Amino acid sequence: MAGFLIALISGALMSIQGVFNTQVTKSSGIWSAGVFVQFTALLVTLGIWAVTERGKLFQVLRVEPRYMLLGGVIGAFITYTVIRSMDTLGPARAVMLIVVAQLAVAYGIELFGLFGVEKQPWEWRKAIGMAIAITGIVIFKWK
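Calculation rules
- Residues numbered from 1 in each chain as written.
- Predicted model: local features only at pLDDT ≥ 70, side-chain atom pairs only at ≥ 80, totals over all residues.
- Heavy atoms only, no water.
- Helix = DSSP H or I, 4+ residues; strand = E, 2+ residues; numbered from the N terminus.
- Buried < 20%, exposed > 50% of the residue type's maximum accessible area, 1.4 Å probe, protein only.
- Contact = heavy atoms within 4.5 Å.
- Areas by Shrake-Rupley, 256 points an atom, 1.4 Å probe, with all protein chains shown as cover.
- Lys, Arg positive; Asp, Glu negative; His and termini not counted.
- Charge placed at Lys NZ, Arg CZ, Asp CG, Glu CD.
- Expected span 1.5 Å × (residues − 1).
- Arc of directions from axis to C-beta.
- Axes fitted to C-alpha atoms, helices over the stretch in contact; angles between N-to-C directions.
- Parallel < 35°, antiparallel > 145°, perpendicular 65-115°, else oblique.
- Left-handed = near helix turned anticlockwise from the far one by under 90°.
- Salt bridge = Lys/Arg side-chain N within 4 Å of Asp/Glu carboxyl O.

*Asks:* Even after reading the chapter, I still don't get the overall build of the chain, so can you show me in this structure?
*Replies:* For the chain, the count of helices and strands is 5 helices and 0 strands. For the chain, the α and β elements follow one another from N to C terminus as α-α-α-α-α. Dimensions of the chain, computed from the C-alpha atoms along their principal axes, are close to 50 × 45 × 30 Å. Burial statistics for the chain: of 143 residues in total, 16% are counted as buried. Across the chain, the fraction of contacts at a sequence separation of at least 24, relative to all contacts at a separation of at least 6, is 53%. Just so you have it, the chain exposes about 10700 Å², and 73% of that area is on carbon and sulfur atoms. Here the chain contributes 12 positive and 6 negative side-chain charges, whose respective centroids are spaced 9 Å apart.

*Asks:* What's the story with helix α5 (residues 124–141) in this structure? I'm lost.
*Replies:* What sets the pattern is the α-helix's 3.6 residues per turn: residues three or four places apart point alike. Compared with the 26 Å implied by 1.5 Å per residue over 18 residues, the 26 Å span of α5 between its first and last C-alpha is a close match. Buried within α5 we find Ala127, Met130 and Ile137. Down the axis of α5, the smallest arc covering the buried residues is 75°, so these residues share one side. For α5, exposure combined with an orientation more than 90 degrees from the buried face picks out Trp124, Arg125, Ile132 and Ile139. For α5, the secondary structure elements touched by its buried residues are α4 (91–112).

*Asks:* How do you make sense of the packing of α4 against α5 when you look at a structure like this?
*Replies:* The packing of two helices is summarised by the inter-axis angle and the distance between the axes. One can describe the packing of α4 onto α5 by two numbers: an axis separation of 10 Å at closest approach and a directional angle of 165°. As judged from the angle between their axes, α4 and α5 are roughly antiparallel. At the point where α4 passes α5, the crossing takes the left-handed sense. Touching Ala92, Arg93, Met96, Leu97, Val100, Leu103, Ala104, Tyr107 and Glu110 of α4 are Lys126, Met130, Ala133, Ile134, Ile137, Phe140 and Lys141, all from α5.

*Asks:* I'm lost on the environment of Val95 in this one. Help?
*Replies:* In this structure, Val95 sits in helix α4. In this structure the C-alpha to C-alpha distance between Val95 and Gly18, which are 77 residues apart in sequence, comes to 8.9 Å.

*Asks:* Looking at this structure, I do not really get the pattern of salt bridges. What am I missing?
*Replies:* Pairing is possible between side chains of opposite charge, provided their charged atoms come close. Applying the stated criterion across every chain, the model contains 3 salt bridges. The salt bridge partner of Glu110 is Lys126, with a shortest N-O separation of 3.9 Å. Of the two residues, Glu110 sits in helix α4 while Lys126 sits in helix α5, which places them 16 residues apart along the sequence. Looking at Glu110, the relative accessible area reads 30%, which means it is partly exposed.

*Asks:* Sorry, what's going on with unusual backbone geometry here?
*Replies:* Excluding glycine, most residues fall at negative phi; most peptide bonds, likewise, are trans. Along the chain, Glu64 connects to Pro65 via a cis peptide bond; the corresponding omega equals -5°. With respect to the element layout, Pro65 can be found in the loop between α2 (30–52) and α3 (71–89). A positive phi angle is found at Phe115, which is not glycine, with a value near 60°. By secondary structure assignment, the location of Phe115 is in the loop between α4 and α5.

*Asks:* Is there a simple way to explain α2 in this structure?
*Replies:* Under the 1.5 Å per step criterion, the end-to-end length of α2 is 32 Å for 23 residues, consistent within 8% with the ideal 33 Å. Residues of α2 that are buried include every one of Ile30, Ala33, Gly34 and Val37, and no others. The secondary structure elements touched by the buried residues of α2 are α1 (2–25) and α3.

Purely geometric numbers; function is a separate question.
This is the structure in C-alpha cells:
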C-alpha cells in the first residue's frame, strides 16, 4: 500500500513541478530554469543526505555497469522535455503522453530484461491496457 501511495504522490508532484518549471521559463529561459531546478534539487538532496546517510555518498561510484550513473544527465533532459511539452501541449495533454510513454518504455524494459531488470513474459492484458490508455488520449484530445 505504501508503494501505491508513494507512486500517486510522485505523479502528482511531477505534474505540479512541470507546471512550475514551465512558468519559470517565461521569466528566464528553459536552460536557466533547468539549472535552477537541478541546483535546488542538489541542495535539498544534500541536506537530506547529511541528515540520513552521511558517509555513503561516494559508494555510488561503485555501481556496475557504470552507465547507471547517467541518471542525472537523463534528469536534465527530462526537465527540458517536460517543460517543452507542457508549454506546447498544456499540462493535461503533456502528462497523458508522458505517462503513456513511461508505461510503454517501462514495459519494454521488463519484456526484454534491459538494464538488469528481470525479464517478464508478454501479456496481452498489458498490451490491451496500453491500447486503452492511448485511446483515452485520443478521446481526451478530440474536439
